[in-house]
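This is what each chain is made of:
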Amino acid sequence: MIEQGFGPGVSEDPEERKARSSDFGGMTTKMPGAVATPKNVEEVSDIVRRAAQDEVRLAIRGGGHSQGGQSLTDRGWVLDTMHLNRVQLLEGGLVRAQGGSQWGTIVDVLRGTRQLPRVLVDTAEVTVGRTLSAGGMGTTSHRYGMQIGQVEQLEVVTGTGERVRCSRTENANLFDAVRGGQGQFGIITEAWIRLRKVGERLRQYELRYRDFDRFASDFEQVIGEDRFDRLRAETRVHDHEIIMSAGVEYDEDHDDAKALEGLGYDEIISTRDTAEVGHAGMYLRWLFSRRHYYPWRDWFMPWETLRTVLDQPWLDRDWVPRSPASWIGIYPIKTRAIDAPLFMHPKGERMFSYHILAFLNQYERAHELAGRLKDITGTLVGLGGKSYLSGGVGYGRKEWEEHYGEKLEMAIGWKREFDPKQIFRGEGMPFG
Ligand SMILES: Cc1cc2nc3c(=O)[nH]c(=O)nc-3n(C[C@H](O)[C@H](O)[C@H](O)COP(=O)(O)OP(=O)(O)OC[C@H]3O[C@@H](n4cnc5c(N)ncnc54)[C@H](O)[C@@H]3O)c2cc1C
């Protein structure tokens, strides 16, 4: 590691800097002035203190999977959490994981224990610290909501370098600021995550619907009956069909006919059975090439807009690539357990995530699509939706005010308290 003027643990090595100059989205490049890869929490505190003293901007980086340049900085330092990856199973249905741990590592550590996090994301490589600073949804969200509602306690290094434990009863303001706080108030260095019991095997069905209204009725029915353990859907606009992916975890016997009884799908595309209950719902790394551009957007929509969204009058088939080069997906999400005030979502007992995820190999096309997705945001927000801040949203002041509403003032107050020197100031974020 080449360390020059910035002190221990902070490197000016051109290769290290170049490796952190782009993100998964591939739409933005920024060259950091230096890179820090702390080996433990003490080093995190030390680096944050020095950055605060010198008023240097610190961009936090987990796996670099963001799509809007959130983990990038021009001239500031990138603090990469890659070495904060310790995972430990605790008594009482909890796992303790450092902020840079990947969700796939947690699944590996829990192998054989018949337990998994209540909500798992669909990609092994994204990190705990990031999804807890965004929200974190997955195929069990119809039961358990978002990951931010399923943590007991966090350890955070604030913008002054202080190392603080927080929970719903201890330092509750910090706990509320960092969950869904986009890394603007501190670095999540450790999380105590709730687990659930899982079945020995998973049986997954892919059901094709050509009638969108019938799909919506079935979707509502199976959620209402709590029939499936895993649930998501994909709309294929070019073929005018929806695929419902539904999974059942089981121990001994399983009855296909009973699981699918009364549903009005056109055909079963596949039935898969596996003992890999944890990794089964996760996409494989090789699906995503670093040479593509990913101008992805996600929104949370009021449940009652499901049929309107499925009709997608705004979606032009000519510019959204045909599946599998685009994934237009839906996760049903229960809202009751979501208690993080800075995670903005529609009211109501249930909502759904709607995402348009396209892979493009031409920058110009990707840029054009990003512009159209911004226009679509206006329509979806007009229907009562909220943007998921995991990708880039390109919001200005007015849109942020609309997004956060009365919570904005509270968040600005927390920013002054927890990051007074604004070292975690994210470009385009409204709290500074
Ligand atoms: C292939 C793919 C699949 C995805 N699947 C899902 C999914 O199933 N469910 C879902 O909810 N999201 C999903 N996402 C979105 C994902 O949550 C975000 O893209 C996220 O940015 C990826 O995590 P990362 O660790 O790579 O973050 P990075 O890009 O490294 O970090 C982005 C920002 O997160 C914040 N951050 C990172 N680590 C910390 C920390 N320790 N403490 C505080 N703030 C931190 C910082 O602001 C940082 O700049 C997916 C993204 C991709 C690319």
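Residues numbered from 1 in each chain as written. Predicted model: local features only at pLDDT ≥ 70, side-chain atom pairs only at ≥ 80, totals over all residues.

A. The overall build of the chain, seen in detail. Assigned secondary structure in the chain consists of 12 helices and 18 strands. Relative to the globule expectation of 22 Å for 432 residues, the C-alpha radius of gyration of the chain, 21 Å, shows essentially globular dimensions. When the backbone C-alpha atoms are referred to their principal axes, the chain occupies close to 65 × 50 × 40 Å. Counting every position in the chain, which comprises 432 residues, the buried fraction comes to 46%. Counted over contacts in the chain with a minimum sequence separation of 6, partners at least 24 positions apart contribute 71%. (Helix = DSSP H or I, 4+ residues; strand = E, 2+ residues; numbered from the N terminus. Rg over C-alpha atoms; globule rule 2.2 N^0.38 Å. Buried ≥ 20, exposed ≤ 12 C-beta atoms within 10 Å, placed from the backbone. Contact = placed C-beta atoms within 7 Å.)

B. Here's a closer look at the nonpolar core. Formed by 93 residues in total, the largest nonpolar core has its most connected members in Leu 58, Trp 77 and Met 244. Not counting residues within four places of it along the chain, the set of residues in contact with Trp 77 comprises Val 10, Pro 32, Gly 33, Ala 34, Val 35, Ala 36, Ala 51, Val 56 and Leu 58. (Core = buried A, V, L, I, M, F, W, Y, C linked by C-beta atoms within 7 Å.)

C. Here's a closer look at the sheet that holds strand E15 (residues 297-302). Taken together, 8 strands build an open sheet; the order of strands is E14-E11-E13-E12-E16-E17-E15-E18 and the sheet is antiparallel. Taken across any chain shown, the strands that pair with only one partner, and hence form the sheet edges, are strand E14 (267-274) and strand E18 (386-387). Two strands pair when backbone bridges link them, and E15 and strand E17 (residues 350-358) are joined in this way by 6 bridges, in the antiparallel orientation. Its bridge partner lying in E17, Arg 297 is registered against Ile 356. Together, E15, E17 and E18 form the strand contacts of helix H10 (residues 363-382), whose direction differs from that of E15 by roughly 10°. (Pairing = 2+ DSSP bridges. Axes fitted to C-alpha atoms, helices over the stretch in contact; angles between N-to-C directions.)

D. The domain arrangement of the chain, seen in detail. When cut into domains, the chain gives domain 1 (10-80), domain 2 (87-198 + 411-418) and domain 3 (201-277). Put simply, the middle of domain 1 and the middle of domain 3, counted by C-alpha atoms, are 42 Å apart. (Domains from an automatic or database assignment.)

E. The pairing of E15, seen in detail. Among the 6 residues in E15, 5 count as buried, and that is most of the element. As defined by bridge partners, E15 adjoins E18 across 2 bridges and the pair is classed as antiparallel. For Trp 299, the partnering residue across the bridge sits in E18 and is Ser 387.

F. Just helix H7 (residues 212-225), in detail. Along its 14 residues, H7 runs 20 Å from first to last C-alpha, staying within 8% of the 20 Å computed at 1.5 Å per residue. One or two positions beyond H7, positive phi appears at Asp 226, with a value near 55°. (Expected span 1.5 Å × (residues − 1).)

G. Quick look at the site of the ligand. Within the structure, the ligand sits among 35 residues, and Gly 62, Gly 63, His 65, Gly 129 and Gly 183 are positioned closest to it. Looking at the shell around the ligand, the elements with two or more residues in it are strand E3 (58-61), helix H4 (128-134) and strand E10 (186-197). It is H4 that contributes the most residues to the shell around the ligand, 5 residues altogether. Within the shell around the ligand, the residues separate by chemical class into 10 nonpolar, 21 polar and 4 charged. A domain split of the shell around the ligand shows at least three residues from each of domain 1 (10-80) and domain 2 (87-198 + 411-418). (Near = placed C-beta within 6 Å. Nonpolar A, V, L, I, M, F, W, Y, C, P; charged D, E, K, R; others polar.)

H. Expanded view of the environment of Asp 211. Mapping Asp 211 onto the fold places it in the loop between strand E11 (201-209) and H7. For the pair Asp 211 and Gly 33, spaced 178 residues apart in sequence, the C-alpha separation works out to 54 Å.

I. Broad picture of the pairing of E17. Across 9 bridges, the pairing between strand E16 (residues 326-334) and E17 is antiparallel. Paired with Tyr 331 across the strands is Ser 353, a residue of E17.

J. Here's a closer look at helix H3 (residues 103-110). Within the sequence span of H3, burial applies to Trp 103, Ile 106 and Val 107. Each buried residue of H3 sits inside an arc of 100° when the element is viewed along its axis, so together they form one side. Those residues of H3 that are buried are in contact with strand E5 (87-90), strand E6 (94-98), strand E7 (115-117) and H4. After H3 finishes, the residue Gly 112 shows a positive phi value of roughly 90°. (Arc of directions from axis to C-beta.)

K. Structural detail: unusual backbone geometry. Look at the link from Ser 323 to Pro 324: it is a cis peptide, with omega at 10°. Looking at where Pro 324 falls in the secondary structure, it is placed in the loop between helix H9 (306-311) and E16. At Arg 75, a residue that is not glycine, the phi angle is positive and equals roughly 75°. Owing to 11 C-beta atoms within 10 Å, Arg 75 belongs among the exposed residues under this scheme.

L. Quick look at the sheet that holds strand E2 (residues 34-36). Reading across from one edge, E1-E2-E4-E3 is the order of the 4 strands in this open sheet, with mixed pairing throughout. Looking at the sheet topology across the chains shown, the edges are occupied by strand E1 (10-11) and E3. Summarising the sheet, E2 and strand E4 (residues 77-80) pair through 3 bridges and their orientation is parallel. What sits directly across from Val 35, in E4, is Val 78.

M. Region of the structure containing the environment of Gly 392. Along the chain, Gly 392 falls in the loop between E18 and helix H11 (397-404). Spatially, the C-alpha atoms of Gly 392 and Thr 113 are 37 Å apart, while their sequence positions differ by 279 residues. Here Gly 392 is in contact with Gly 25, Gln 67, Gly 68 and Gly 69, once residues within four sequence places are set aside.

N. How the structure looks around the environment of Thr 29. Tracing the backbone through its elements, the reader meets Thr 29 in the loop between helix H1 (14-19) and E2. A count of 12 C-beta atoms within 10 Å places Thr 29 in the exposed class. Between the C-alpha atoms of Thr 29 and Gly 69, which are 40 residues apart in sequence, the distance is 7.6 Å. For Thr 29, the residues in contact, after removing those within four places along its chain, are Ser 21 and Ser 22.

O. Molecular detail of the packing of H11 against helix H12 (residues 407-418). Contact geometry of H11 with H12 gives a least axis separation of 7 Å together with a crossing angle of 100°. With respect to H12, the element H11 is oriented roughly perpendicular. Contact residues: H11 offers Trp 400, Glu 401 and Tyr 404, while H12 offers Lys 407, Leu 408 and Ala 411. Counted by class, the contact of H11 with H12 contains 4 nonpolar, no polar and 2 charged residues. (Parallel < 35°, antiparallel > 145°, perpendicular 65-115°, else oblique.)

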